[in-house]
Each structure stands twice: as C-alpha cells, then as structure tokens.
Amino acid sequence: QLTATPAAFHVGKLEVESDESALRKAITLITEKFPQLAILMFSSDPSEKVKKLLICSNVPKELTTKLKAGEWVKEVALVCGGKGGGKPELANAYG
C-alpha cells in the first residue's frame, strides 16, 4: 500500500501476464503520483509453457547515483534465471 510519504523504493507485483506495456503504464501512473519513488514491478505469465517473469523498473534521476534501474532489474533477473538491463532511469528484464 502506497502512502503520501512513501519509502525510497517500492517493489510490487501486478498481474498483467507478459504485457510490458501495461506494466510500464502502471509504473508511469505511480511515478506521476510519487515522483521521488524508485519502483520495481513484476508480473508472471502462467500461460507460457515455461513460466516467464517480466520485470520493469523506474528510478528517478536524482536517485541514480545510488541505484540504477538497469542494474536493479539485472540483479533480480539473475535470481530468476533470466537477464535484462537498461538505462539508469528505466529498464526491463525477463526471467
């Protein structure tokens, strides 16, 4: 549950299967309300023969000296047997 005074980051799951566009839209909506919040969201697709995990992150520019979105999703994807990366502010991965 997000509040008006959120922590520095939020990790959440959203059931959109492997719809990257829907996951990014959710991140955009959260970012609009909480612009200083680093966000990592993921969704799984149980319909795939091999279960797939979609991971997306957004990190405000001001926080990229401490946390980079590309490195964040890459580390999470490695735990899931996947890979990914991106820019310091925006990234995605599959696991």
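What counts, and at which threshold
- Residues numbered from 1 in each chain as written.
- Predicted model: local features only at pLDDT ≥ 70, side-chain atom pairs only at ≥ 80, totals over all residues.
- Heavy atoms only, no water.
- Pairing = 2+ DSSP bridges.
- Helix = DSSP H or I, 4+ residues; strand = E, 2+ residues; numbered from the N terminus.
- Axes fitted to C-alpha atoms, helices over the stretch in contact; angles between N-to-C directions.
- Contact = heavy atoms within 4.5 Å.
- Buried < 20%, exposed > 50% of the residue type's maximum accessible area, 1.4 Å probe, protein only.
- Core = buried A, V, L, I, M, F, W, Y, C linked by side-chain atoms within 4.5 Å.
- Salt bridge = Lys/Arg side-chain N within 4 Å of Asp/Glu carboxyl O.

## A short note on the pairing of strand β4 (residues 83–86)
Consideration 1: Alignment of β4 against strand β5 (residues 90–94), held across four bridges, turns out to be antiparallel. The residue of β5 that forms the bridge with Gly86 is Ala91.
Consideration 2: In this antiparallel pair of consecutive strands, β4 and β5, the connection spans three residues.

## Let's talk about the sheet that holds β4
Consideration 1: The five strands are arranged β1-β2-β3-β5-β4 in an open sheet whose pairing can be described as mixed. Unpaired on one side and paired on the other, β1 (9–13) and β4 mark the two borders of the sheet. Across the sheet, the mean angle from the axis of one strand to that of its neighbour is 10 degrees, orientation sign disregarded.
Consideration 2: Judged from the five bridges that link them, strand β3 (residues 52–58) and β5 form a sheet pairing that is antiparallel. Residue pairing in the sheet places Ser57 in a bridge with Ala91 of β5.
Consideration 3: Seen against the sheet, helix α1 (residues 20–33) touches β2 (38–45), β3 and β5 and runs at an angle of roughly 30 degrees to β3.
Consideration 4: Contacts between helix α2 (residues 69–79) and the sheet are confined to β1, β2, β3, β4 and β5, with β5 contributing the most and set at about 15 degrees to the helix.

## Re the environment of Val79
Consideration 1: Looking at the element boundaries, Val79 is found in helix α2.
Consideration 2: Val79 sits in the exposed class, given a relative accessible area of 74%.
Consideration 3: On a C-alpha basis, the gap between Val79 and Gly95 in space is 8.1 Å, while along the polypeptide they are 16 residues apart.

## Re the nonpolar core
Consideration 1: Counting residues in hydrophobic clusters, the biggest one holds 11 residues: Ala38, Leu40, Leu53, Ile55, Val59, Ala69, Trp72, Val73, Ala77, Ala91 and Ala93.
Consideration 2: Elements supplying a minimum of two residues to this core: β2, β3, α2 and β5.
Consideration 3: No other element matches the four residues that α2 contributes to this core.
Consideration 4: Among all residues touching Val59, those that are not within four sequence positions of it are Ala38, Thr64, Leu67, Lys68, Ala69, Trp72, Pro88 and Glu89.
Consideration 5: Ile27, Leu37, Met41 and Cys56 belong to the second-largest nonpolar core, a separate cluster that totals 10 residues.

## Observations concerning the pattern of salt bridges
Once their charged atoms are close, side chains differing in charge can pair, the charge on each being opposite to the other.
Consideration 1: In this structure the tally under the stated criterion is two salt bridges.
Consideration 2: With a shortest N-O distance of 3.0 Å, Lys13 and Glu15 are connected by a salt bridge.
Consideration 3: Judged by relative accessible area, Lys13 falls into the partly exposed class, the value being 48%.
Consideration 4: You can call Glu15 exposed: its relative accessible area is 54%.
Consideration 5: Among the ionic pairs, Glu20 bridges to Arg24, the shortest N-O distance being 3.6 Å. Taken together, the positions of Glu20 and Arg24, both in helix α1 and four residues apart, correspond to about one turn of that helix.

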